[in-house]
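# Architecture and fold: a report
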Amino acid sequence: MATTPRTERAAAAPSGPSAEPLPDFAGVDVPLLAARTDHAVLGEVATLLLRNWPTGDEAVAYYEDGPGKLLR
């Protein structure tokens, strides 16, 4: 019996997290961005962020949210 060699590509290994740190956008003035942008998508995203923005009293962070916490 003859065998036919497989010709499809092998599945690529899933990519892992990048070693490059994410940019810091903490200084972005979102209300100003929402008011001044003429980009349709960016304006919608900024408006949605502002609608769901917690006040200082509502903002909460949990220990489980930390980057060093491994969930098992």
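This write-up is about the structure you can find in this document. (Residues numbered from 1 in each chain as written. Predicted model: local features only at pLDDT ≥ 70, side-chain atom pairs only at ≥ 80, totals over all residues. Heavy atoms only, no water.)

So, on to the overall build of the protein chain. Helices and strands together make up the secondary structure of the protein chain, namely two helices and zero strands. The buried share of the protein chain, taken over its 72 residues, is 4%. Accessible surface, the protein chain as shown: approximately 7500 Å² in total, 59% of it carbon and sulfur. (Helix = DSSP H or I, 4+ residues; strand = E, 2+ residues; numbered from the N terminus. Buried < 20%, exposed > 50% of the residue type's maximum accessible area, 1.4 Å probe, protein only. Areas by Shrake-Rupley, 256 points an atom, 1.4 Å probe, with all protein chains shown as cover.)

With that out of the way, let us pick up a nonpolar patch on the surface. On the surface, a cluster of nonpolar side chains totalling about 460 Å² of accessible area is made up of V41, V45, L49, L50 and W53. Among the structural elements, L49 can be located in helix 2 (residues 40–52). (Patch = residues over 30% accessible without salt bridge, like charges linked within 9 Å, V, L, I, M, F, W, Y side chains within 5 Å. Salt bridge = Lys/Arg side-chain N within 4 Å of Asp/Glu carboxyl O.)

Okay, the environment of L33 next. Mapping L33 onto the fold places it in helix 1 (residues 30–36). Its relative accessible area of 29% is what places L33 among the partly exposed residues. Each C-alpha atom, one on L33 and one on A46, is 7.0 Å from the other, the two residues being 13 residues apart in sequence. Once residues within four sequence positions are removed from consideration, L33 is found in contact with V28 and L42. (Contact = heavy atoms within 4.5 Å.)

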